[in-house]
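Examination of the molecular architecture
Below are the chains, spelled out letter by letter.
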Amino acid sequence: MSAQPPTNTVAAAPRTGVGIWLDQHLYSVVASLGRALRRPWATLLTIGVMAVALALPLGLALALGNLQHFAGSVEQSREIDLFLKPDIEVARAQVIAAELRSRADVAAVVVRTPEEGLAEFRARSGLGDALGALEENPLPSLLIVTPREDAPTLVDALQRLPETGLVQHDEAWRARLQGWLGFGQRLAWVLAVLFGLGALLVVGNTVRLDIQSRREEIGVLQLLGATDGFIRRPFIYLGAWYGLAAGLLALGLLLGSAHALREPLQALASSYGSSFMLGGLDAARGAGFLFASTVVGWLGAWLVTGHFLRQTRPTET
Amino acid sequence: MSVLRFENVSKQYPGGHEALADVSFEVEQGEMLFVTGHSGAGKSTLLKLIHLSERPSRGAVVFAGRNLLKVRGGKVPLHRRDVGAVYQDHRLLAERSVAENVALPLILRGDRRADIGKRVREVLARLGLGHREQALPSQLSAGEQQRVGIARAIVSEPKLLVADEPTGNLDPTLAAEIMSLFASMPERGTSVLVVSHDLPLIKRMKKRVLILDHGRLMDDISPADLAE
């Protein structure tokens, strides 16, 4: 060791605030990432718990979205099925259809004869042989009436026709479905808030433990003149990394689940003659979800470090 | 010009214990002095007041013309950057290399990366640690760790260097070398305040000595008086 006087030959050039800010943020980003990677199991556990907490409400929201999409197509079909009495001839059915077409509140009327109805039933039900054993066609003529708008008066008018056997209009059923969907959407939001809070607490607790294990180091940094921002930044970035990674894992979990469900769901839908396809997240909503999960991680870490730093301020007397 | 001035400073902790009572002294720029006293004399409290880990109950601590009572909140870290500190237990960051530990004050100050590397290498070479840049503190001897602590304290050339029992764990030869290094600091304009109860060492250094006892400044001995 030399006891020569210090000879400082390096004069630090003055720097702009932005340059210092960028440098210190870069330092924090790298330091926080390094810290997370040095403890892979603890990091994976935290990310895993967060990912499940985030995936549950998002999965529910996606399922409801698909159901909404399906319900939308049901909503589109506003037809009223008018089953005539079995003894009404097809010719009489055509006359009734013509009369109905002349009404202002009717957009269209399609006549389905008993023969056409039986052929369709045979094709869909797979009961061809059994139906062949019937001596006569039990199906009545069917008029499919499309109203111009919601037409409760039209339904009443159809019910009052002397030839009417049954009027089928699923308005009440659709209203109940809409009610359930509305409830489901609200439930998804409530769960999103609760599970989001859970994810925030998971990050907060992990960061709190990290702070406890680095208490001595933080104390030294404070004595050296580190600002609250300098101390807080690596923890906040750590929380943000956790949030981002958990968001990515949650999306992966949902994609895997959707992949597993798609094929059997399509088979089920096609058996009902539907071409329903399971929908997922588009790029914009996926990015929005990742942003939200990152913010949750960031916020959890910010709250915990803020609490810690307030406790370590010098005594103000 | 004085770097540090205590003006009738008292410090009373919650519970009534008075750690310092009406203490006044002044440290000139480029001066080196010792503060000594028995355990509980108030030495640690004095350092805490300088570092703004505590605030005085009465009186004023003036550092570089600034009354530290008025330094609040976000300004506290800026004040601490002007005071280099060396501790008996070194307080090095265990997971960071020697170079990273020494670089911390410069990173906090916002120096350029290239300047930091150059400055750290220069200081480590001066302290005979050039070959230990990448070592972790746990891989160093007690003397080497203390020198890393000193390198970290002087790397940013602070206005005041305070050392709390810096030679407590060192053998006499190494302790003398450390003291010799401290004695060279004032030539660069850095004032040095060393807290120690090693009286033989203090006598050998022939510097000004403040003696604290039960929180009171009992004596302020000049180098000339000490020689007598």
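Provided above is the structure to which this section pertains.
Notes on the structure follow. All values derive from a computational prediction rather than experimental measurement. (Residues numbered from 1 in each chain as written. Chains lettered and ligands numbered in written order. Predicted model: local features only at pLDDT ≥ 70, side-chain atom pairs only at ≥ 80, totals over all residues.)

Our next topic: the overall build of chain B. If you tally the helices and strands in chain B, you get eight helices and ten strands. Each of the 228 residues in chain B was classed as buried or not, and the buried ones make up 44%. Long-range contacts, defined as pairs at least 24 residues apart, comprise 69% of the intrachain contacts of chain B with a sequence gap of at least 6. (Helix = DSSP H or I, 4+ residues; strand = E, 2+ residues; numbered from the N terminus. Buried ≥ 20, exposed ≤ 12 C-beta atoms within 10 Å, placed from the backbone. Contact = placed C-beta atoms within 7 Å.)

Before going further, it helps to examine the sheet that holds strand β5 (residues 66-67) of chain B. In any sheet, the strands associate via hydrogen bonds between backbone groups, in a parallel or an antiparallel arrangement. All names here are of chain B. Reading across from one edge, β2-β1-β4-β5 is the order of the four strands in this open sheet, with antiparallel pairing throughout. Every interior strand has two partners, whereas the edge strands, β2 (18-28) and β5, have only one. Note that strand β1 (residues 2-12) and strand β4 (residues 58-63) share five bridges and pair antiparallel. Bridging across to β4, S10 finds its partner in R58. Sitting on the sheet, helix α1 (residues 43-51) touches β1, β2 and β4, and the angle it makes with β1 is about 120°. (Pairing = 2+ DSSP bridges. Axes fitted to C-alpha atoms, helices over the stretch in contact; angles between N-to-C directions.)

What follows covers helix α5 (residues 142-154) of chain B. For an α-helix, 3.6 residues make a turn, and residues three or four places apart therefore share a direction. Residues and elements named next belong to chain B. Helix length check: α5, at 13 residues, gives a terminal C-alpha distance of 19 Å against a target of 18 Å (1.5 Å per residue), a fit within 8%. Of all 13 residues that make up α5, eleven are buried, and the element is covered over most of its length. Of all the positions in α5, only E144, Q145, Q146, R147, V148, G149, I150, A151, R152, A153 and I154 are classed as buried. Packed against the buried residues of α5 are β6 (83-87), α3 (98-109), α4 (113-126), β7 (160-164) and α6 (172-184). (Expected span 1.5 Å × (residues − 1).)

Residues and elements named next belong to chain A. Taken in spatial order, the four strands of this open sheet run β2-β3-β1-β4, and their pairing is antiparallel. Across the chains shown, the open sheet's two edge strands, defined by having one partner strand only, are β2 (106-112) and β4 (164-168). Adjacent strand axes in the sheet meet at a mean angle of 20°, parallel and antiparallel pairs treated alike. Pairing geometry for strand β1 (residues 80-84) and strand β3 (residues 142-147), over four bridges, is antiparallel. Following the sheet pairing, I80 is matched in β3 by V145. Relative to the sheet, helix α3 (residues 90-101) contacts β1, β2 and β3, its axis offset from that of β2 by approximately 170°.

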